[in-house]
Amino acid sequence: MGLSEDPNKALPIPKKMPGMEVESNGQQPGKKIVRKPYVVNEMEYEASLPEKKSNTLSRDLIDYVRYMIQNHGENYKEMARDEKNYYQDTPKQIKRKINVYKNFYPEEYKDFIASLKTEKMDVQ
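Residues numbered from 1 in each chain as written. Predicted model: local features only at pLDDT ≥ 70, side-chain atom pairs only at ≥ 80, totals over all residues. Heavy atoms only, no water.

In the nomenclature of an unreviewed UniProt entry, the chain corresponds to Nucleolar protein 16 from the organism Willisornis vidua. In UniProt, the chain has this text filed under Subcellular location (unreviewed entry): "Nucleus, Nucleolus". Its UniProt record, at the heading Sequence similarities (unreviewed entry), says of the chain: "Belongs to the NOP16 family." (UniProt positions renumbered as here; feature names shortened; annotations may be inferred.)

Following this line, the structure appears as C-alpha cells:
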C-alpha cells in the first residue's frame, strides 16, 4: 500500500539534489556560478514590470446597460419589466449593474449620457 511508519526513513531526501550542484572554481566555497545570466535578467525584468489592470466588464453587460439607459433613463422599475431583461433582474440589481458600469468606465459613461442629451434635443 505504500504506508510507512516514518516516511523520512522510508524515502530519505538526499542532502545534494542532482542538478543543483554548486561549483567553486577556486573561488569562495559555496558561491554559486550563474551559467545563464540572461535568464535571470529576463526574470528580474518581468518581475519589475507593473501589474496590468485586467478588470473589465463583458461586452454583453455593457450593451445591456447602454440599452436600458437609452430606452428607460433612470426608471429602474420600467427596466425590470423590459423584454431584454433576460435574467429577470430586479430594479436594485439593474441599478447595481449600472453603477458598476459607471465606476469602470466613467469617461465613456459621461460621453454616452451627453450623446443621449443631444439626441433628445435634436428630436424635440
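Still more ground to cover, so stick around.
Engineer: Looking at this model, I keep getting lost on the overall build of the chain. Mind explaining?
Structural biologist: The number of helices and strands found in the chain is six helices and zero strands. Helices (α) and strands (β) of the chain occur, in sequence order from the N terminus, as α-α-α-α-α-α. Out of the 124 residues belonging to the chain, those deemed buried represent 15%. A separation of at least 24 residues holds for 42% of the contacts in the chain among residues at least 6 apart in sequence. Accessible surface, the chain: about 11400 Å² in total, of which carbon and sulfur atoms supply 53%. (Helix = DSSP H or I, 4+ residues; strand = E, 2+ residues; numbered from the N terminus. Buried < 20%, exposed > 50% of the residue type's maximum accessible area, 1.4 Å probe, protein only. Contact = heavy atoms within 4.5 Å. Areas by Shrake-Rupley, 256 points an atom, 1.4 Å probe, with all protein chains shown as cover.)

Engineer: So what exactly am I meant to see when it comes to the nonpolar core here?
Structural biologist: It is characteristic of soluble globular proteins that their nonpolar side chains tend to be buried jointly. Counting residues in each nonpolar core, the largest one holds 15 residues, and the members touching the most others are Tyr64, Val65, Ile69, Met79, Ile94, Ile98 and Tyr101. Of all the elements in the fold, those that place two or more residues in this core are helix H3 (59-72), helix H4 (76-80), helix H5 (91-104) and helix H6 (106-123). The residues touching isoleucine 98, leaving out its near neighbours within four places in the chain, are Val65, Ile69, Tyr76 and Met79. (Core = buried A, V, L, I, M, F, W, Y, C linked by side-chain atoms within 4.5 Å.)

Engineer: What is the right way to read H3 from this model?
Structural biologist: An α-helical turn contains 3.6 residues, so any two residues separated by three or four positions project in the same direction. For H3, which comprises 14 residues, the first-to-last C-alpha distance of 20 Å matches the rise-based estimate of 20 Å (1.5 Å per residue) to within 8%. Taken residue by residue, H3 has Leu61, Ile62, Tyr64, Val65, Met68, Ile69 and His72 as its buried positions. Along the axis of H3, the buried positions cluster into a sector of 165 degrees, meaning they face one direction only. Residues of H3 that are exposed and point more than 90 degrees away from the buried face comprise Arg59 and Asp60. Directly beyond the C-terminal end of H3, a positive phi value near 65 degrees is found at glycine 73. (Expected span 1.5 Å × (residues − 1). Arc of directions from axis to C-beta.)

Engineer: Mind showing me how you'd approach unusual backbone geometry here?
Structural biologist: The residue glutamine 88 is not glycine, and still its phi comes out positive at about 50 degrees. Along the polypeptide, glutamine 88 turns up in the loop between H4 and H5. Overall, glutamine 88 belongs to the exposed group, its relative accessible area being 68%.

Engineer: What exactly am I supposed to notice about the environment of valine 65 here?
Structural biologist: With respect to the secondary-structure elements, valine 65 resides in helix H3. In this structure the C-alpha to C-alpha distance between valine 65 and isoleucine 98, which are 33 residues apart in sequence, comes to 6.0 Å. In contact with valine 65, not counting residues within four places along its chain, are Lys97, Ile98 and Tyr101.

Engineer: Would you take a moment to explain a nonpolar patch on the surface for this structure?
Structural biologist: A grouping of Tyr38, Val39 and Met43 is seen on the molecular surface, where their side chains present a nonpolar patch of about 320 Å² in accessible area. Tracing the backbone shows methionine 43 in helix H2 (residues 37-48). (Patch = residues over 30% accessible without salt bridge, like charges linked within 9 Å, V, L, I, M, F, W, Y side chains within 5 Å. Salt bridge = Lys/Arg side-chain N within 4 Å of Asp/Glu carboxyl O.)

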